[in-house]
Structures are given as structure tokens and as C-alpha cells.
Amino acid sequence: MLPRGRPRALGAATLLLLLLLVVGFFLFGRDPEYGLRADATLDEDPYGSRNLSFSGLPPLLPPKCELLHVVIVCAGYNSSREVITLVKSVLFYRKNPLHFHLVTDAIARNILETLFRTWMVPAVVIRFYDAEELKPLISWIPNTHYSGLYGLMKLVLPSILPLSLARVIVLDTDVTFSSDIAELWALFAHFSDKQVVGLVENQSDWYLGNLWKNHRPWPALGRGFNTGVILLCLDRLRQTSWEQMWKLVAKQKLRTLTATSLADQDVFNAVIKEHPELVHLLPCVWNVQLSDHTLAERCYLEAADLKVIHWNSPKKLRVKNKHAEFFRNLHLTFLGYDGKLLRRELLGCPNQLPPGAEQLQQALAHLDEEEPCFEFRQQQLTVHRVHITFLPHQPPPPRPHDVTLVTQLSMDRLQMLEALCRHWPGPMSLALYLTDAEAQQFLHFVETSPVLSARKDVAYHIVYRDGPLYPVNQLRNVALAQALTPYVFLSDVDFLPAYSLYDYLRASLEQLELGSGQKAALVVPAFETLHYRFSFPNSKAELLTLVDAGSLHTFRYHEWPQGHAPTDYARWREARTPYRVQWAADYEPYVVVPRDCPRYDPRFVGFGWNKVAHIIELDAQEYEFLVLPEAFSIHLPHAPSLDISRFRSSPTYRDCLQALKEEFHQDLSRHYGAAALKYLTALQQSQGQA
């Protein structure tokens, strides 16, 4: 007789055997990557368990210092804004160094070169490729997709990327990450020897051809694949003669199909239809598609977590579907996320600092936080992220005497822009000091303003907020550097120029015949009103009537008369032709100068002496000051800025400004020698009189 405990032992062993059989079925009878049976085909339901994440097992991530390569095609102003939000989402989660390969047109390259240079993100490498050179390679393919030729450029990536580059992730600009991109990179390890491209299945019925009557899509395997997120094995693609393969297939299909509707995606799908062994199916969570006809709900309602959201509709964030608000909020999080927070270093990875960052860190480390002027010193060393031409811009046609109005502003002066556009019909270059979230508010403000949205010759440049003091001269320099006309009118946003000033300045420049060798600064006399409701004069005669009636005054005559006294307003009243005036201490007129004039001294931040220092520099370089007899600009009243309030209330603030003045004069003496003595003498005399 068997012992009484024996049957129980056999029962436990049986249960263990059954458990091993179940585990074995899942491990060997199903594809470990998707939970798909080994004998299943790609024609089965694309939203079943095979498209979910790996059975809860963490992916085998690459080493933390391995460089991951990402390719993005980006062209134009709007696409450049989109790619920044994408990059923010990638940087937020990433733990690896990244190398971005950006295929751009001239517009996007200009924008993104400036942005990444000033962003100074550690462990990020940027390389640009000229999209113009690629256009001849794909221009023979008719394409009705809104992306145009740029939407076909992913087809030729293997031929333009470095031969040493074996693997890349290719992304559309309209995707948002909610996971570490290294997890996506890790999926390369699951490719078979024949697989060269990793894709998520298309989450709509587009390629089934039943969306509407007479709909004829390109051929595809089942529902096809979406190319918003691609893993490319470049070395294998080159070995398979990819270029000849896709061109042959495309030419064959174009005999019966007049054009591609979804750009490169149609061609990729046609190739995969004929060569299904090339594709590696990625889990659906790596490309949750929010198109107009999306079926992505079948994916994300079963998934434990989502990895990449794809706004693959022409409507982008305005697309309407069941859960669009949830995904929109995720995207808006990164849209308004403070980009400077992404400057964090990746610990343990060598050579990760961008150019100039190490010297900057050393300079910041030498600052004394207890020093009274620490804020000023820190602000001078701050490198602000700069996004030039934030909105679509149409430069004016080249004209020899054209003038761009150059100024800067922050969010509290935004309401001035519409009036400024009504007064100045010519080109403008404006630098705005905003947070990431304020930049989106500004975008909405322009898009909903009939006045601003109609102006395409106004270039807006965002300088992202960083630090306690307003970097006024840095902002002016950004706007000045982006002006495209031969001359610039250096103004402030709270001044409205005379309605006729733009035409008058161009005519004056032509009449004065200022040659390349003549340095002249044309002075536009400045006035102010203390009335919020004010009837703007249409001529000099009307302006003088208002001055005589006490409704207008010369600018800051009661607070800072030396700032504009050398303009000689008494002479201006009677003047009929331009007249020359001499520089004097603290002179700070608003002037029209050549575009290549000296830049503003960036050490002056906050309030005080920022324009004065620039006028000194003009005088030191022998610019002649000519007052224009019919020109004028009027300052409108507004609440005082935070910086001027601090200047008025804080002796320490004023002491720091004085220290900056003295340092400025020391630099003048080193640069101009004995000729700079007059500026120091004049400063000392004005301080003695005060």
C-alpha cells in the first residue's frame, strides 16, 4: 500500500507539469514578441494580441551610453514648430545620447540650426541634409499628399545617410512620444535575418479600399503599414538593392495608379506586398494613429501603456474622434513644456556637452551668489533658446532703400501689435520674450487676429524666458540679426510711428543718397501722450497743435530730458530739411541705420542705459546723427514694467547699473583708445550735475 501522502504528491507534480505545458505553449507555440501564434499570418486581425506590448516583460534596452540615431524630414515654418514638440517629448523620456539626422529645406535648417545651437542640450548631436538635393531623386513620382515631395524623401534615406550608419529610427514630425525611445530602438534586436524595416500596421481601412465609392488605394498587405514610425536597417537595405527595388515597384504601380495619395507610405506598402519577408511587425502602441478614419481604439483600449501618438490627419490636433481630447492633452503637455528643463546631463556618458557649454558652466560656477549684482552677472551669461521666424514669413522683395522696423516685447505688451501693424505697413522683425506656454498663447493670438494674420511680412522670433531680468539688448540683437532690408528702424514696441513714416523714411534714404561709405543715423523725434484715449495726428502740423495744447510732450521731458534733448525739438518745429546734431551724454534717440550697424551691448539687462550704450557705440564709429524734419513717433501710456519698478525702488539695482556703465566705459577705452575719453568725461559731468 502506498503511503497516504503519495497521491497528494502526485497531484502537485501533475499541476506543475500542466503549468509547464501552458508556459511552453506561450513561449514556443506563440511568437514571443506579439503573442501571435507561430503559424499566424499578417492577414489576420491587425489589432489582436500580437500588436500589444511584450507580455509585460521589459525590453532589453541598449547600453545607457549607446548613441541612438533618429531621422526626421522637416520643411517650412510650421513643420519646424512641430518637430520641436516631437523632440521635447523624446528628450523628456530619453536616457541615451541621441544623434538627430534632419533632412530640411533652407527655411527649416535656418530655424533649427539656431534653435539647437542656443538650446545647448547635452548628449545631442545634430546633422543636417539638404532636401533640395533629394528632390530630383523622387520628383518623378506624382504625389497628391499635402506633404508634397518632402513626403517621399524617406524612400531615399539609405542612399544619403552615412554608409557607417547601420540602423536608424525614422519619425514623422507629427508624432509625440510617451516613452523612452530606447525601448523602440531595442526592437531592432527582434528582427530576423531577412527583415529590414519595422512598421506598425495601418490603423484604418484605407488600404482595404472601402472608405468611399471608387476609392483606389495602392496595394498593401492586409490593412497595410503606417510609416510615421519606422525602424530601418540601412546596411541590410543597401544589401537588398533597396533603391532599385522600390523604384521598380513604384514605376509598375504608376502605370495604373496616377499618383501616390499617402506619399512614401504607398510605395513602402507596395514593396512589402511583393516582399513580405522584409517587414518586421511592431506593436501597435508604437504608432497610435489618430487619422480621420482611425481604428486605433482597438489597440489602445487593450494596451497597458502607449508609446507614440501619431496625429496623422491633415487636421492634426483638430481631428475629431472618440478619445481625441485625452491625446490632445498629452501633446499639449509637451507643447508648453519648458525646454530649458531638458538641458539636464546624462550621468556617466563622456563627451556629452555641446560646444561652449563647458566654458559657460565654468563661468557660472565662478559667480558669487552673495554678490549684490549676482542676478545681473547670471543674466549676462544666460544662453536663451531662440526660435527665429516662429510663424510663416514672406520676406519683402529686395529694394535698395527699404526699412524694417525692429523691436522687442514680452507678453504684457502683446496688445500693442495690432496698432503697430496699422501704423507701419512695411516689414517688421520682432523678438518676443516668452515662456513655452506663452508662445502657444501668442500663436493663438496671431491666428485669431484679422490684423496680424493678414500680415506675412512680420517676422516673429521667440526668445524663451530664462532668468529674473529682461534681456532687452539680447532681444534687440535677435530681431536686428533677422532683418532682411538694407536699413532698420530701431524702435520700442510702445511707440506708434506716424502713419506716413514708412514711406517717408524710404523717400528720405533715397534723397539723401547715403553711400556705402557714409555712416548716418537718421533720428526720428519721439513724443509721448499721457492719455489712454488719443487721436493720433496725421501730420507734423497736427502733432504740433497737440503739443501746443498740452496733449503731447517731447518724450520723457519731465523724467529724463537728457535722453532726447540733443534732437533739438525747437529747431525741429521749423525744420524743412534734415539737420545734423551732436552726440551728448545719455542721448538715446530712435534711429534708422544700416542693417550692419553695431549690435547692442548684451550686458545691459533689465531697465536702464541699454539704448544709451548703443548710441555711444554709433558715435564712436563716427555715425552722423541727422534729424528728419517730418518724422515722428509717439509713446503710448502703459503700466510700468517690473524692471523699471525695481530700478526706482532698489538702490542695489541702481548701483549694479552704475557698475555696468563703468565696465562699458572701460571696454570702450580698450577698443577705441583716447577717442573714448569724451564719453567717460561726459558721463562724469552728467552725474555731477545730477
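Residues numbered from 1 in each chain as written. Predicted model: local features only at pLDDT ≥ 70, side-chain atom pairs only at ≥ 80, totals over all residues. Heavy atoms only, no water.

### Describing the packing of aromatic side chains
The condition that has to hold: Stacked, tilted and edge-to-face pairs are distinguished by plane angle, under 30 degrees for stacked and over 60 for edge-to-face with tilted covering the rest, among Phe, Tyr and Trp rings (Trp via its six-membered ring) whose centres lie within 6.5 Å. Exposure is judged per residue with a 1.4 Å probe applied to protein chains only, and the accessible area is read against the type maximum: over 50% gives exposed, under 20% gives buried, and values in between give partly exposed.
Using the criterion set out here, one finds 32 aromatic pairs in the structure. Taking 5.5 Å as the distance between ring centres and 40° as the angle between the ring planes, the aromatic pair formed by phenylalanine 188 and phenylalanine 191 counts as tilted. Both residues of the pair, phenylalanine 188 and phenylalanine 191, count as buried. Both rings, one in phenylalanine 534 and one in phenylalanine 536, keep their centres 6.2 Å apart while their planes meet at 80°; by these two values the pair is edge-to-face. Judged by relative accessible area, phenylalanine 536 falls into the buried class, the value being 10%.

### Details of the packing of helix α13 (residues 374–381) against helix α23 (residues 651–672)
Selection criterion: An axis is simply a line fitted to the C-alpha atoms; with a helix, the fit covers only the stretch in contact. Between two such axes, the angle follows the N-to-C directions and lies from 0 to 180 degrees. Helix and strand assignments come from DSSP, with helices taken as H or I runs of at least 4 residues and strands as E runs of at least 2, each series counted from the N terminus. Oblique is the label for any angle not under 35 degrees, not over 145, and not in the 65 to 115 range, which are roughly parallel, roughly antiparallel and roughly perpendicular in turn. We call two residues in contact when some of their heavy atoms are within 4.5 Å. In the scheme used here, Gly and all other residues not listed as nonpolar or charged are polar, with Ala, Val, Leu, Ile, Met, Phe, Trp, Tyr, Cys and Pro taken as nonpolar and Asp, Glu, Lys and Arg as charged.
For the pair α13 and α23, interaxial distance at closest approach is 9 Å and the crossing angle is 50°. With respect to their mutual orientation, α13 and α23 come out oblique. Along the contact surface, α13 presents Phe376, Arg377 and Gln380, while α23 presents Tyr653, Cys656, Ala659, Leu660 and Glu663. Considering only residue class, the contact of α13 with α23 consists of 5 nonpolar, 1 polar and 2 charged.

### Focus: the sheet that holds strand β16 (residues 458–464)
Strand-to-strand pairing in sheets goes through backbone hydrogen bonds, with the strands running parallel or antiparallel. Our working rule: A pair of strands counts as paired when DSSP detects no fewer than two bridges linking them.
Judged by pairing direction, the sheet is mixed, and its 9 strands sit side by side in the order β13-β16-β15-β14-β17-β23-β19-β24-β22 without closing on themselves. Two strands lie at the open edges of the sheet, namely β13 (386–387) and β22 (579–581), each paired on one side alone.

### Points about the side chain of arginine 377
The condition is simple: N or O atoms closer than or at 3.5 Å make up a polar contact, with two conditions inside protein: a donor-capable atom paired with an acceptor-capable one, and, for residues adjacent in sequence, both atoms drawn from side chains.
Position of arginine 377 relative to the elements: it lies in helix α13. Side-chain polar atoms of arginine 377 contact the side chain of glutamate 663, separated by 2.8 Å. Those residues in contact with arginine 377 that lie beyond four places of it in its chain are Leu367, Glu371, Ala659, Leu660 and Glu663.

### Quick look at the pattern of salt bridges
As a reminder of what qualifies: Salt bridge criterion: a side-chain nitrogen from Lys or Arg within 4 Å of a carboxyl oxygen from Asp or Glu.
Inspection of the entire model under this criterion finds 37 salt bridges. Linking aspartate 436 and lysine 88 is a salt bridge whose minimum nitrogen-to-oxygen distance equals 2.7 Å. Residue aspartate 436 is located in helix α15 (residues 436–448), and its partner lysine 88 is located in helix α2 (residues 76–93); the two are separated by 348 residues in the primary sequence. Each member of the pair, aspartate 436 together with lysine 88, is buried. When the shortest N-O distance is used, the salt bridge between aspartate 172 and lysine 154 registers 2.6 Å. One end of the pair, aspartate 172, is in the loop between β6 (167–171) and β7 (175–177); the other, lysine 154, is in the loop between α4 (135–138) and α5 (157–160), and 18 residues separate them in sequence. Residue aspartate 172 is classed as partly exposed on the basis of its relative accessible area of 21%.

### Considerations on the side chain of glutamine 379
Take glutamine 379: it is sitting in helix α13. Excluding residues that lie within four positions of it along the chain, glutamine 379 makes contacts with His384, Tyr433, Asp466, Gly467, Pro468, Leu469, Gln474 and Val605.

### Some words on the state of the cysteines
Quick note on the threshold: Put simply, a disulfide is two cysteine sulfurs that come within 2.5 Å.
The final tally for this structure, using the stated rule, is 3 disulfides. Here cysteine 284 is linked by a disulfide to cysteine 299, with a sulfur-sulfur distance of 1.9 Å. On the S-S bond that ties cysteine 284 to cysteine 299, the torsion sits near 85°, and the link is right-handed. Of this pair, cysteine 284 sits in the loop between β10 (279–281) and β11 (288–289) while cysteine 299 sits in helix α10 (residues 297–300), placing them 15 residues apart in sequence. Considered together, cysteine 284 and cysteine 299 belong to a single accessibility category, that of buried residues.

Geometric descriptors of this kind do not, in isolation, establish any biological role.
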